Amino acid sequence: MEFPLSSIESGVQKIKRNIFSSDFDLYSFVCPSAYDTAWLALIPNPQYPSQPMFKNFLEWLLNNQKPEGFWGESDTFGKPTIESLPATLVSMVALTNWKTGASMVEKGRSFIGANADKLLSEVKDACPRWFAIVLPAMVELADTTGLDVVLPEAAKDTMSYIISCRKSFLNKELEVGDLHCYPPILSYLEALPPSYVSEEDICSNLSRDGSLFQSPSATAKAFMATGKKECLTYLQSLAQKCPNGVPQAYPMDENLIKLCIVNQLQKLGLSEYFAGEIEVLLAQVYRNYKEQNSREKASNYNAAQLLHKDSLAFQLLRTHGYKVSPLSFCWFLSHDEIRGQVEKDYEHFSSTMLHVFRASNLMFSGEYELEEAKNFSRKILEKIVSARNGDRRQMEHELNLPWFARLDHLEHRMWIEEKEANALWKGKASYNRVSYFYNNQLLQLATQNFDFKQSVYKNELKELKRWCENCGISNMGFGREKTTYCYFAIAASTSLPHDSYIRMFVAKSAIIVTVADDFYDMIGSLTELEFLTDAVGRWDSRGLSSHSKVIFDALDNLVSEATSKYLQQGGTTDMSGNLKDLWYETFLSWLIEAKWSRNGYKPSIDCYLKTGMISIATHNLVLPASCFLKPSLPTEKLVPIQYEPITKLLMVISRLLNDVQSYQKEKEGGKLNSVLVKLIENPELDVEESIAFIREVIEKKKKELLEHVLIDGLCDFPKPSRQLHLSCLKVFEMFFNSRNRFDSNTEMVEDINKAIYLPVSKTPNRLTLHPSPKKKYAITKLQFNFSFKHNNRINCTAHQVSALTLSNGYEMAFTAPKTGPHFI
């Protein structure tokens, strides 16, 4: 199936008109909170108590019930999250209170009865603090309103557990108004019993803008309880700014929204279409960052959002070449109170710590604050994962797969299929999410773009396999046939959807490197190897036969094709001489290593690396290919020996990564390796100590290379060439990070299928709802009786009141893609 570029371009232009127009309202990018909007809809008009003060919010509730019957939070694919339960309950209360939307209330009641058990199962082992505080209170509020909320019989035990958690949380809270908990208990005022809070508590904690911790729902409750004019002023300002549904917090940080827009485009694989717009947004953020004379004051109620913004800003700005200090977000490390709060309330800081961990990946040499931030955030994330709290997939992905080992194309697919991809940052309770309108546009375009790339990649791989067959490489009869692996590596690691020739050139070069390296290592006699090396030096195939002839002819074809292509694209010099010299140097290094192996020579580690960094041949991939990028690398940069530091770093790191995972195989084959050479030079070491030493060198060199890639001025290579160096490093990290995946015939099959063959799943493994009129569910009404006293004494009971049968409910199931593996 072909996906015309015109369709993608149309989607791009639509998003540019909507999101990047001069009159774009940043608030509209964030989905309104049905929960908070419902609380404002509940406020009566002081002059006409029988009418709501904000009629538009009541209208919003009437117009924004989902087809399944719920209000509020949904994942990327529109399926309800646990946050939808309290939002649906309070929305039903608001409609009932103003005697409207009776059929919608009944639909909401049916949704809760049919789906509460499945939704609540997400918290049955670890209930978030906010959910334990809010949900029972909303059930009680609905019951007080006369809604007779019914829950499935299977939810009885889970609800009892949630009530128990509520009792535990509230018992542990300090006196009302104390800010040593996060978020502050008063930010949940709407969910606290009247006896638990005094008017004095409320008034003493109002912010200057008249809000209670910038929470619309809590401030709505505060106004209804106290009638404070400051609260009314805040609520009126909020209603004027957000007439179509209010956010979880107001005001919102507009720089944070801009960063989230950039982040969404990047993680969905769309940044290439919005490069100019992204630079404008980041320039605005950076200008604000530079003009900010001192850090915003971080307190317990805004620390998570501020740290989230600062770490995301660091990550995006550094990635785009801005010079930013780690102190821009590592400030929390020296803030003992907030650091302690993160450790105490790690559940609420989970999303923030995830961004801190991601930001710490962009570490340069000597940035010890980032090292500390990485270690701290890792411990928090590991604690959350081990406690089995919430949605842990992204945390496990971050912890288990190093950033350097991730390939862009596969990361984009993961986010397209990730049900939490629309989550932006954590609010008082649930996530702030991309609005449904923009989420649908972005997801549709991202899916189209991924499908288009796959169609291109499949065709190019077919062409590459034909080239291998025509050259005779596919039928060599020895070594590793890695045509698909080599193509997958370059296609999945870069964002070059239209640069077909570059992908093909790099893949062909990698195939020749693999075959020739195996020939020198495995079956070629020294005489054959010397003759082939000499032929490459003379660039003359006369006298070659068998495997040597096949290898030389394939190489000659590659060089001739590249030379012609370079001139066709406007090149002014004949690059063939440079390419031939580059390849001769590499063949010579293979010959040197073959002689070492067969003669039993033991070089020093420096001597080994001087040859080994050439024999790994990464410079044969990135330097010639960079001449075809725009802006292009001058051909004089292809001179052997005179490599720039960024290229030398890539060559050394790639060699060492390969060595760490292949030392055992090479030891058995009598071939040298940096791990083995280190042991020879230091007989007091064992293998693990030698590997640890090599890994330390790798980590140090990676930081140096990353700085050369991201910071302008350290290297005079064009930015696309520097990025290609980074992509090549990430390929080697992917192949050799934890084991030797390149030599395996099965390790890469799943990733290759996802990258090239399997279509993006529109319904990945997630909670789904299917109308099932014939299915009946037995449900039980649970009544919750709360008795609250001061000094945090709380009594809670739950008991079964009645049972009945609800028809026309919903059948729930987990579904997985039905597409099977594609045989390669």
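Cut-offs and rules
What you see as residue numbers is a count from 1 along each chain, following the sequence as written. Thresholds applied to this predicted model are a pLDDT of at least 70 for local features of residues and 80 or more for the giving and counting of side-chain atom pairs; totals over whole chains, interfaces and linings are not thresholded and use all residues. By convention in this description, side-chain values take in all heavy atoms of the structure and omit both hydrogens and water. Strands are runs of DSSP state E lasting at least two residues, helices are runs of H or I lasting at least four, and both sets are numbered from the N terminus onward. Throughout, exposure labels follow a simple rule: accessible area from a 1.4 Å probe, protein chains only, divided by the maximum for the residue type, with under 20% read as buried, over 50% as exposed, and the rest as partly exposed. Between two residues, a contact is recorded if the distance between any of their heavy atoms is within 4.5 Å. Using the Shrake-Rupley algorithm and a 1.4 Å probe, accessible areas are obtained, with residue cover drawn only from the displayed protein chains. Expected span, for any helix, means 1.5 Å times one less than how many residues it has. Bend is the name given here to the angle between axes fitted to two runs of seven residues, the run ending at a residue and the run starting at it. In this text, buried Ala, Val, Leu, Ile, Met, Phe, Trp, Tyr and Cys residues form a nonpolar core when linked through side-chain atoms within 4.5 Å. Inter-axis angles, ranging from 0 to 180 degrees, are taken between N-to-C directions of lines fitted to C-alpha atoms, where helices are fitted over the stretch in contact. In these notes the angle categories are as follows: under 35 degrees is roughly parallel, over 145 is roughly antiparallel, 65 to 115 is roughly perpendicular, and the rest is oblique. Should the near helix be turned anticlockwise from the far one by less than a right angle, the crossing is termed left-handed; should it be turned clockwise, right-handed. Here the nonpolar group is Ala, Val, Leu, Ile, Met, Phe, Trp, Tyr, Cys and Pro; Asp, Glu, Lys and Arg are the charged ones; every other residue, Gly included, is treated as polar. Paired rings are identified among Phe, Tyr and Trp, the last through its six-membered ring, by centres lying within 6.5 Å, and are further divided according to the angle between planes into stacked (under 30 degrees), edge-to-face (over 60) and tilted (the rest). Cation placement over rings: the criterion is NZ of Lys or CZ of Arg within 6 Å of the ring centroid and within 35° of the ring normal. Distance thresholds for patches are 9 Å for like charges and 5 Å for nonpolar side chains (Val, Leu, Ile, Met, Phe, Trp, Tyr), applied to residues having over 30% relative accessible area and no salt bridge. The salt bridge criterion pairs a side-chain nitrogen of Lys or Arg with a carboxyl oxygen of Asp or Glu, the two atoms within 4 Å. Per-residue confidence from the predictor is reported as pLDDT, which spans 0 to 100. When DSSP finds two or more bridges between two strands, those strands count as paired. Count a disulfide wherever a pair of cysteine sulfur atoms falls within 2.5 Å. In the analysis that follows, any N or O atom pair within 3.5 Å is treated as a polar contact, provided that within protein one partner can donate a hydrogen and the other can accept it, and provided that, for residues neighboring in sequence, both atoms belong to side chains. Counting rule applied: Lys, Arg positive; Asp, Glu negative; His and chain ends not counted. Charge placement uses NZ in Lys and CZ in Arg. For Asp and Glu, CG and CD serve respectively.

*Asks:* Let's hear about the overall build of the protein chain: which residues, and what values?
*Replies:* A count of helical and extended segments in the protein chain gives 32 helices and 7 strands. By the burial criterion, 59% of the 824 residues in the protein chain qualify as buried. Of the contacts made within the protein chain by residues no fewer than 6 positions apart, 75% connect residues no fewer than 24 positions apart. Put simply, the protein chain shows about 33700 Å² of open surface, and 50% of that area lies on carbon and sulfur atoms.

*Asks:* Give a description of helix 5 (residues 102-120) that names residues and reports values.
*Replies:* Compared with the 27 Å implied by 1.5 Å per residue over 19 residues, the 26 Å span of helix 5 between its first and last C-alpha is a close match. The sharpest bend along helix 5 measures roughly 45° and falls at Ala-114. For helix 5, the set of buried residues is Met-104, Val-105, Gly-108, Arg-109, Phe-111, Ile-112, Gly-113, Ala-114, Asn-115, Ala-116, Leu-119 and Leu-120.

*Asks:* Tell me what's going on with the nonpolar core, and back it up with residues and numbers.
*Replies:* Phe-29, Phe-131, Met-353, Ile-473, Phe-488 and Phe-587 are the most contacted members of the largest nonpolar core, which totals 276 residues. The contacts of Phe-587, once residues within four sequence positions are left out, are Ala-516, Tyr-520, Leu-532, Thr-533, Val-536, Ile-551 and Leu-555.

*Asks:* Describe the packing of helix 4 (residues 84-97) against helix 6 (residues 129-144), listing the residues and the values that go with them.
*Replies:* Running from amino to carboxyl end, helix 4 crosses helix 6 at an angle of 25°, the nearest separation of the two axes being 9 Å. With respect to each other, helix 4 and helix 6 are oriented roughly parallel. As for how helix 4 packs across helix 6, the hand of that crossing is left-handed. For the pair formed by helix 4 and helix 6, the contact residues are Leu-85, Pro-86, Leu-89, Val-90 and Val-93 on the first element and Trp-130, Phe-131, Val-134, Leu-135, Met-138, Val-139, Leu-141 and Ala-142 on the second. Looking at the contact of helix 4 with helix 6 residue by residue, the classes come out as 13 nonpolar, no polar and no charged.

*Asks:* An account of the packing of helix 17 (residues 368-386) against helix 18 (residues 393-400) is needed here, citing residue identities and associated values.
*Replies:* Working note: a packed helix pair is described by the angle between its axes plus the distance between those axes. Here helix 17 crosses helix 18 at 130°, and the two axes come no closer than 10 Å. Here helix 17 is positioned oblique relative to helix 18, judged by the angle of their axes. The element helix 17 and its partner helix 18 pack so that their crossing is left-handed. Across the interface between the two elements, Arg-378, Leu-381, Glu-382, Ile-384 and Val-385 from helix 17 touch Met-395, Glu-396 and Leu-399 from helix 18. The residue inventory of the contact of helix 17 with helix 18, partitioned by class, reads 5 nonpolar, no polar and 3 charged.

*Asks:* Lay out the packing of aromatic side chains in plain terms, naming residues and giving numbers.
*Replies:* Two measures describe an aromatic ring pair: the distance that separates the ring centres and the angle between the ring planes. This structure, assessed with the given rule, holds 31 aromatic pairs. Judged by centre distance (5.3 Å) and plane angle (80°), the ring pair of Trp-130 and Phe-131 falls under edge-to-face. A connected cluster of aromatic rings, assembled from ring pairs, spans Tyr-485, Phe-732, Phe-735, Phe-736 and Phe-742. Sitting over the ring of Tyr-27, Lys-241 keeps its end group 4.8 Å from the ring centre. Against the face of Trp-403 rests Lys-730, its NZ or CZ located 4.4 Å from the ring centre.

*Asks:* Lay out a nonpolar patch on the surface in plain terms, naming residues and giving numbers.
*Replies:* On the surface, Tyr-584, Leu-588 and Ile-592 cluster together into a nonpolar patch covering about 210 Å² of accessible area. Turning to its location among the elements, Ile-592 is positioned in helix 25 (residues 576-599).

*Asks:* Can you explain helix 24 (residues 546-568)? Please cite residues and give values.
*Replies:* Taking 1.5 Å per residue, 23 residues should reach 33 Å; helix 24 reaches 33 Å between its end C-alpha atoms and fits that length. For helix 24, the set of buried residues is Ser-548, Val-550, Ile-551, Phe-552, Ala-554, Leu-555, Leu-558, Val-559, Ala-562, Thr-563 and Tyr-566. Considering only its buried residues, helix 24 is in contact with helix 20 (436-471), helix 22 (500-523), helix 23 (526-538) and helix 25. Residue Gly-570 follows helix 24 closely and has a positive phi angle near 105°.

*Asks:* An account of the confidence of the model for the protein chain is requested, with residue identities and associated values reported.
*Replies:* The predicted model of the protein chain averages 89 in pLDDT, with 89% of residues at 70 or higher. Predicted confidence for residues 175-179 stays below pLDDT 50, and this span has 10 contacts to residues more than four positions away or in other chains. Segment residues 764-824 is flagged for pLDDT under 50; beyond a separation of four residues in sequence, or across chains, it makes 165 contacts in the model.

*Asks:* Could you give an account of unusual backbone geometry, with specific residues and numbers?
*Replies:* For residues besides glycine, phi is generally negative; the peptide bonds are generally trans as well. Pro-251 follows Tyr-250 through a cis peptide bond whose omega is 0°. With respect to the element layout, Pro-251 can be found in the loop between helix 10 (229-241) and helix 11 (254-267). In this chain, Lys-630 is followed by Pro-631 through a cis amide linkage whose omega measures -5°. Structurally, Pro-631 can be placed in the loop between helix 27 (618-626) and helix 28 (645-668). Positive phi is not limited to glycine here, since Ser-546 has a value of about 55°.

*Asks:* Residues and numbers for the environment of Ala-155, please.
*Replies:* Looking at where Ala-155 falls in the secondary structure, it is placed in the loop between strand 1 (150-152) and helix 7 (156-172). Distance from Ala-155 to Leu-119, taken between C-alpha atoms, is 9.4 Å for residues 36 residues apart in sequence. Those residues in contact with Ala-155 that lie beyond four places of it in its chain are Asp-117 and Leu-120.

*Asks:* With reference to specific residues and values, describe the pairing of strand 2 (residues 423-426).
*Replies:* Look at any regular strand and the pattern is simple: side chains alternate between the two faces of the sheet. Judged from the 3 bridges that link them, strand 2 and strand 3 (residues 431-433) form a sheet pairing that is antiparallel. Its bridge partner being in strand 3, Ala-423 is matched across the sheet by Arg-433. Linking two consecutive strands that pair antiparallel, namely strand 2 and strand 3, is a turn of 4 residues.

*Asks:* Any details on the state of the cysteines? Residues and values, ideally.
*Replies:* Under the defined criterion, the tally for this structure stands at 0 disulfides. Unpaired in terms of disulfides, Cys-165 finds its nearest cysteine sulfur in Cys-127, a separation of 4.9 Å. Given a relative accessible area of 12%, Cys-165 falls into the buried group. You can see Cys-471 has no disulfide; the closest cysteine sulfur is in Cys-468, sitting 7.0 Å from it. With a relative accessible area of 17%, Cys-471 lands in the buried category.

*Asks:* Please give an account of the side chain of Glu-460 that cites residues and values.
*Replies:* Along the chain, Glu-460 falls in helix 20. A distance of 2.7 Å separates the side chain of Glu-460 from the side chain of Ser-500, its partner in a polar contact. Ignoring anything within four residues of it in the chain, the contact list for Glu-460 reads Tyr-487, Ser-500, Arg-503 and Met-504.

*Asks:* Describe the side chain of Ser-311, and please don't skip the residues or the numbers.
*Replies:* Among the structural elements, Ser-311 can be located in helix 13 (residues 303-319). At a separation of 3.1 Å, a polar atom in the side chain of Ser-311 contacts the main-chain carbonyl oxygen of His-308.

*Asks:* Can you explain the pattern of salt bridges? Please cite residues and give values.
*Replies:* Here the structure, examined in full by the defined rule, presents 42 salt bridges. For Lys-508, the salt bridge goes to Glu-561, with nearest N and O atoms at 3.1 Å. Within this pair, whereas Lys-508 is found in helix 22, its partner Glu-561 is found in helix 24, the two being separated by 53 residues in sequence. Residue Lys-508 is classed as buried on the basis of its relative accessible area, which comes to 5%.

*Asks:* Summarise a negative patch on the surface; cite the residues concerned and give the values.
*Replies:* Residues Glu-684, Asp-686, Glu-688 and Glu-689 make up a contiguous surface patch of negative charge. Counting through the fold element by element, Glu-684 comes out in the loop between helix 29 (674-681) and helix 30 (687-710).

*Asks:* Mind laying out the environment of Leu-726, listing which residues take part and the relevant values?
*Replies:* Take Leu-726: it is sitting in helix 31 (residues 719-736). Classification of Leu-726 as buried rests on a relative accessible area of 7%. Distance from Leu-726 to Val-709, taken between C-alpha atoms, is 6.9 Å for residues 17 residues apart in sequence. Each residue touching Leu-726, except ones within four places of it in the same chain, is listed here: Trp-403, Phe-404, Leu-705, Leu-706 and Val-709.

*Asks:* I'd love a proper account of the environment of Leu-558, names of residues and values included.
*Replies:* Note on placement: Leu-558 falls in helix 24. Judged by its relative accessible area of 1%, Leu-558 falls in the buried class. Setting aside anything within four residues of it in sequence, one finds Leu-558 in contact with Phe-505, Lys-508, Ser-509, Ile-512 and Trp-583.

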